[in-house]
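Close look at the chain arrangement
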Amino acid sequence: MSKASGQKRLTPSRIQSMKGSAPIVCLTAYTTPMARALDAHCDLLLVGDSVGMVLYGLPSTISVTLDMMIAHGQAVMRGVTRACVIVDLPFGSYQESKEQAFRSAVRIMQETGCDGVKLEGGEEMVETIAFLTTRGVPVCGHIGLMPQQVHTAGSYRSLGHCESETAKIRRDARAVGGSGAFAVVIEGMVEPLAREVTAAVHVPTIGIGASPACDGQILVADDMLGMFTDFTPKFVKRYAGLAQAIEDAASAYADDVRNRRFPGKEHTFEIRTPPG
């Protein structure tokens, strides 16, 4: 699925080996053009179920389907030559049983050519993660704030403000870190706890709204680029304002069309005189 190149793409095992070394650079990607733009700069690209909110305007990730993830995974794989590509298992595609998770993961990997999958959950997902990894499916874990559980959690909020939350996250980190996962995303937790978790587990932690001490960082690319403007999480740093740039370009184009400045002569085809 990826472009032919003499350069080998990074693998989950290579990502795992980066624990405690240079920070792992991660962003989300959902399309071929975005993957091409990000590939040279990222160690890992995540085809996240955040695609539902970012590209489809859905209120959460809950409505994202396996077919959607496969379609976007295929698109991203067409644009990479370097980065490791991981695809989210969407809500409902893995929670029922470890066998269901395996079937879903196999579909994603076979139909996209990606390098592995990511799933949300702590202690309750350890058996599933072990089942997948011992059968050849690389898994990235995800603990802390878990968007697929927003309806039971009640809201998107940072965690680790009370002893019960802290104790649960510590247990989840130890469980997932020892389950066979090659890395674990830790999202939306207080900085001291994220720092503690990173030191406690032997696999890389990839933070989002966590700690600079994490082994890597990830952001939704559309947040980072200023493309998604419905809301801005506290942990997002915008490196561009592309939504406004696009709106400005569309306004200039519309003005040119309405005033017949576009297309100009240089943008149209004229009859060519046949030779001889």
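Residues numbered from 1 in each chain as written. Predicted model: local features only at pLDDT ≥ 70, side-chain atom pairs only at ≥ 80, totals over all residues. Heavy atoms only, no water.

Quick look at the overall build of the protein now. Looking only at helices and strands, the protein has eleven helices and eight strands in total. For the protein, the spread of C-alpha atoms along the principal axes amounts to about 80 × 40 × 35 Å. Per-residue burial over the protein gives 50% buried out of 276 residues. Long-range contacts, defined here as pairs at least 24 residues apart, represent 60% of the contacts in the protein between residues at least 6 apart. Working note: accessible area of the protein is about 13700 Å², and carbon and sulfur atoms make up 56% of it. Taking the average place of the 27 positive charges on the side chains of the protein and the average place of its 29 negative ones, the gap between the two points comes to 5 Å. (Helix = DSSP H or I, 4+ residues; strand = E, 2+ residues; numbered from the N terminus. Buried < 20%, exposed > 50% of the residue type's maximum accessible area, 1.4 Å probe, protein only. Contact = heavy atoms within 4.5 Å. Areas by Shrake-Rupley, 256 points an atom, 1.4 Å probe, with all protein chains shown as cover. Lys, Arg positive; Asp, Glu negative; His and termini not counted. Charge placed at Lys NZ, Arg CZ, Asp CG, Glu CD.)

Applying the stated criterion across every chain, the model contains 17 salt bridges. A salt bridge links Lys19 to Asp215; the shortest N-O distance between them is 2.9 Å. Pair noted here: Lys19 is in the loop between α1 (12–17) and β1 (24–28) and Asp215 is in the loop between β7 (205–208) and β8 (216–219), with a separation of 196 residues, a long-range link. A salt bridge links Glu99 to Lys98; its shortest N-O distance comes to 3.4 Å. Among the charged side chains, a network of salt bridges with common partners joins Asp67, Arg107 and Glu111. (Salt bridge = Lys/Arg side-chain N within 4 Å of Asp/Glu carboxyl O.)

If you trace the eight strands once around the closed barrel, you get β1-β2-β3-β4-β5-β6-β7-β8, paired in parallel fashion. The mean angle between the axes of side-by-side strands here comes to 25°, regardless of whether they run parallel or antiparallel. Strands in contact with helix α4 (residues 66–77) are β2 (44–47) and β3 (84–88); relative to β3, the strand with the most contacts, it is inclined by about 170°. (Pairing = 2+ DSSP bridges. Axes fitted to C-alpha atoms, helices over the stretch in contact; angles between N-to-C directions.)

This brings us to the UniProt feature "binding site: Mg(2+)" (unreviewed entry) in the protein. According to UniProt, the positions carrying the feature "binding site: Mg(2+)" (unreviewed entry) are Asp49, Asp88 and Glu120. For the annotated residues, spread through 72 residues, the largest C-alpha to C-alpha distance comes to 11.1 Å, consistent with a single compact locus. Of the residues annotated just before, the largest pocket has Asp49, Asp88 and Glu120 among its lining. Relative to the helices and strands, Asp88 resides in strand β3. Under the relative-accessibility criterion, Asp88 is labelled buried at 4%. Its location among the elements puts Glu120 in the loop between β4 (116–118) and α6 (126–133). Residue Glu120 is classed as buried on the basis of its relative accessible area, which comes to 5%. Every residue in contact with Glu120, bar those within four places of it in the chain, is listed here: Asp49, Tyr94, Met125, His142, Met146, Pro147, Gln148 and Gln149. (UniProt positions renumbered as here; feature names shortened; annotations may be inferred. 1 Å grid on protein atoms, 1.4 Å probe; cavity = no way out; pocket = protein on both sides within 12 Å on 5 of 7 lines; lining within 4 Å.)

This brings us to the layout of surface pockets. Looking at the largest pocket, its volume works out to about 730 Å³. Leu145, Glu187, Ile208, Pro233 and Phe235 are the residues nearest the centre of the largest pocket, which is lined by 33 residues in total. Empty space within the second largest pocket amounts to approximately 400 Å³. Lining the second largest pocket are 19 residues; nearest its centre among them are Gln217, Ile218, Leu219, Phe235 and Tyr239. Looking at the lining of the second largest pocket, the elements that each hand over two or more residues are β1, β7 and β8. Here the lining of the second largest pocket takes four residues from β1, the largest share from any one element. The residue makeup of the lining of the second largest pocket, split by class, is 14 nonpolar, four polar and one charged. (Points joined across faces, edges and corners; volume = space filled by probe spheres on them. Nonpolar A, V, L, I, M, F, W, Y, C, P; charged D, E, K, R; others polar.)

Turning to the UniProt feature "active site" (unreviewed entry) in the protein, a few remarks are in order. Under the present numbering, the feature "active site" (unreviewed entry) in UniProt falls on Glu187. Here Glu187 lies in strand β6 (residues 183–187). Overall, Glu187 belongs to the buried group, its relative accessible area being 10%. The contacts of Glu187, once residues within four sequence positions are left out, are His142, Ile143, Gly144, Leu145, Pro147, Ile208 and Gly209. Among the polar contacts listed, one links the side chain of Glu187 to the side chain of His142, at a separation of 3.0 Å. (Polar contact = N/O pair within 3.5 Å; in protein donor to acceptor, adjacent residues only side chain to side chain.)

Among the nonpolar cores identified, the biggest contains 58 residues, and Leu38, Leu45, Ile108, Leu119 and Ile186 are the most heavily contacted of them. At six residues, α4 tops the list of elements feeding residues into this core. Not counting the four nearest positions on each side in its chain, Leu45 is found in contact with Leu27, Ala29, Ala35, Leu38, Asp39, Val80, Ala83, Cys84, Val85 and Ile86. Counting residues in each nonpolar core, the second largest holds 16 residues, with Leu46, Phe182, Val185 and Ile208 among its members. (Core = buried A, V, L, I, M, F, W, Y, C linked by side-chain atoms within 4.5 Å.)

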